[in-house]
Amino acid sequence: MTNKILLAALVSAFGLSTAATAAELNVYSARHYQTDEQLYGNFTKQTGIKINRIEAKEDELLERIRNEGANSPADVFITVDASRLGKADDLGLFAPVKSAELEARIPAHLRAANWFSYSTRARVIIYNPEMVKAEQVQTYEQLADPALKGKVCSRSGSHPYNLSLGAAMIKHNGAEATEKWASSIVANFARAPKGGDTDQIRAVAAGECGVAIANSYYLARLMNSEKREDQEAVARVKAVWPNQASWGTHINVSGAGMLKNAPNKDAAVKFLEYLASDEAQAYFANGNNEWPVVPSVKVDNAALNKLGEFKADTLPIGELAATVAEAQRIFDRAGFR
Ligand SMILES: [Fe+2]
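Residues numbered from 1 in each chain as written. Predicted model: local features only at pLDDT ≥ 70, side-chain atom pairs only at ≥ 80, totals over all residues. Heavy atoms only, no water.

### Thoughts on the overall build of the protein
- The secondary structure content of the protein amounts to 15 helices and ten strands.
- For 337 residues, the compact-globule estimate of 2.2 N^0.38 gives 20 Å, and the C-alpha radius of gyration of the protein, at 22 Å, lies within 12% of that figure.
- Seen along its three principal axes, the alpha-carbon backbone of the protein occupies a region of about 85 × 40 × 30 Å.
- Evaluated residue by residue, the protein yields a buried proportion of 51% over its 337 residues.
- Taking the intrachain contacts of the protein between residues at least 6 apart in sequence as the baseline, contacts between residues at least 24 apart amount to 78%.
- Accessible surface for the protein amounts to roughly 15,100 Å². Of this, 51% is attributable to carbon and sulfur atoms.
- Both charge centroids of the protein, one from 38 positive and one from 39 negative side chains, sit 2 Å from each other. (Helix = DSSP H or I, 4+ residues; strand = E, 2+ residues; numbered from the N terminus. Rg over C-alpha atoms; globule rule 2.2 N^0.38 Å. Buried < 20%, exposed > 50% of the residue type's maximum accessible area, 1.4 Å probe, protein only. Contact = heavy atoms within 4.5 Å. Areas by Shrake-Rupley, 256 points an atom, 1.4 Å probe, with all protein chains shown as cover. Lys, Arg positive; Asp, Glu negative; His and termini not counted. Charge placed at Lys NZ, Arg CZ, Asp CG, Glu CD.)

And the structure:
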């Protein structure tokens, strides 16, 4: 039997399509930025592996992978926030990947058992210096101080960004203290939680509130924006790296993992390793004004350079993700919704 005939026999015996034998990778991504074309294009250039991308909102993708079950064509799931990566993991969607390269390049606290972080973002405090004093807003804990009554703005407490912060606070301060904190911050609200992080920054700039919490990339996006209204908003606010004298600023991540039912596992591992390469790290992080996880990769972002260095929380990201459900229960009881 010639190889060709053998291949044809195998194809018919196992119902394989010849397309499946070509090197391909199916990436389900909740991140879509201008730098993505280079990010994915360079992988194909280096490996010859074609990437098919499915892009949608985080929770939709998660739902889709669940529904596709064992027949899912998804090889890699990329999403933002440790809580969502943790949720995918809890649902048993990821398969563990053992890679010396990933272990060498990604710091241990940014690797979970079944997924990897590829960029970090910080949850920073934004304040209006005409309404509150800098020394009043140096920590997350201080935002619950009665002195800030009627001055705090926030997006929903049920949003993953706040739940992840709550999870970090539980790990550092304990559940009881975190519940007290959540009740007290609710008592300080200038308005009921609404909008996203950028809305909070704008509300602080407009003087509707004195202080709010926002992810660093929303501030960086405004700082890097050429729109006059964005520049004006930035000029009216100040940013704080919270908790520099204690456990450090809470950070969250964008990350990815290989799916349990991935049809192209070798390509998936190659891609996960590629995402930690110098070149991919720069694209991946810069696409959303985030920091690369690989310490040797330089940041090339005017806003991030201007914001400078800070002490980040080094809580293991897997532990953080595992504590989000508890944060949700605590915030619910405290009325931070
Ligand atoms: Fe976001």
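### With respect to the state of the cysteines
- In the structure shown here, the tally under the stated rule is one disulfide.
- Sulfur-sulfur distance for the disulfide between Cys153 and Cys209 comes to 2.2 Å. Classification of the bridge connecting Cys153 and Cys209 rests on its S-S torsion, roughly -105°, and on that basis the disulfide is left-handed. Here the residue Cys153 occupies a position in strand β6 (residues 152–153), and Cys209 occupies one in the loop between α8 (197–205) and β7 (211–215), the gap between them amounting to 56 residues. You'll find Cys153 and Cys209 in the same group, each marked buried. (Disulfide = S-S within 2.5 Å.)

### Considering the environment of Ala322
- Considering the arrangement of structural elements, one finds Ala322 in helix α14 (residues 317–322).
- Ala322 gets classed as exposed once you look at its relative accessible area, which sits at 62%.
- Separated by 297 residues in sequence, Ala322 and Leu25 have C-alpha atoms that sit 29 Å apart.

### A word on the confidence of the model for the protein
- When pLDDT is averaged along the protein, the result is 94, and 93% of the positions lie at 70 or above.
- Confidence drops under a pLDDT of 50 for residues 10–20, and excluding neighbours within four residues, the segment shows five contacts in the predicted structure. (pLDDT = per-residue confidence, 0-100.)

### Some words on the coordination of the iron ion
- Every protein donor of the iron ion is listed here as Tyr161 (OH), Tyr217 (OH) and Tyr218 (OH), and their distances to the metal cover 1.9 to 2.0 Å.
- In primary-sequence terms, the residues that donate to the iron ion follow Y-x55-Y-Y. Separated by 56 residues along the polypeptide, Tyr161 in helix α6 (residues 160–173) and Tyr217 in helix α9 (residues 216–224) bring together distant segments of the chain.
- A residue is classified by how much of its surface remains accessible, and Tyr161, at 7% relative accessible area, is buried.
- The class of Tyr217 is buried, set by a relative accessible area of 2%. (Donors = N, O, S within 2.8 Å, 3.2 Å for Na, K, Ca; no water.)

### Quick look at the packing of helix α2 (residues 36–47) against helix α11 (residues 265–275)
- One can describe the packing of α2 onto α11 by two numbers: an axis separation of 11 Å at closest approach and a directional angle of 125°. The orientation of α2 relative to α11 falls into the category oblique. Note that α2 runs across α11; the crossing there is right-handed. Taken together, the residues of α11 that come into contact with α2 (itself represented by Gln38, Leu39, Tyr40, Asn42, Phe43, Gln46 and Thr47) are Ala267, Lys270, Phe271, Tyr274 and Leu275. (Axes fitted to C-alpha atoms, helices over the stretch in contact; angles between N-to-C directions. Parallel < 35°, antiparallel > 145°, perpendicular 65-115°, else oblique. Left-handed = near helix turned anticlockwise from the far one by under 90°.)

### So, the pairing of strand β9 (residues 251–259)
- Buried residues dominate β9, accounting for nine of its nine residues.
- Relative to β9, strand β3 (residues 76–80) runs antiparallel, the two sharing five bridges. Bridge pairing in β9 links Val80 to Ser254.
- Direction of pairing for strand β4 (residues 94–95) relative to β9: antiparallel, over a ladder of two bridges. When the sheet's bridge partners are listed, Ala95 is paired in β9 with Met258.
- Bridge count for strand β5 (residues 116–127) against β9 is six bridges, and the pairing is antiparallel. Paired with Arg121 across the strands is Asn252, a residue of β9. (Pairing = 2+ DSSP bridges.)

### Let's talk about the pairing of β5
- When you tally the buried positions in β5, you get twelve out of twelve residues, the bulk of the element.
- Both β5 and strand β10 (residues 291–292) contribute to a ladder of two bridges, which runs antiparallel. Bridging from a neighbouring strand, Ser119 pairs with Pro292 of β10.
- Pairing of β5 with β7 involves five bridges; the strand directions are antiparallel.

### Digging into the pattern of salt bridges
- Under the criterion given, the structure shown has 18 salt bridges.
- Between Arg202 and Asp230 there is a salt bridge, and its shortest N-O distance comes to 3.0 Å. Of the two residues, Arg202 sits in helix α8 while Asp230 sits in helix α10 (residues 228–236), which places them 28 residues apart along the sequence.
- For Glu232, the salt bridge goes to Arg228, with nearest N and O atoms at 3.2 Å. One end of the pair is Glu232 and the other is Arg228, both in helix α10 and four residues apart, which spans about a single turn.
- Glu232 sits in the partly exposed class, given a relative accessible area of 34%.
- Shared partners join several salt bridges into a network, and the residues in it are Arg31, Arg121 and Glu290. (Salt bridge = Lys/Arg side-chain N within 4 Å of Asp/Glu carboxyl O.)

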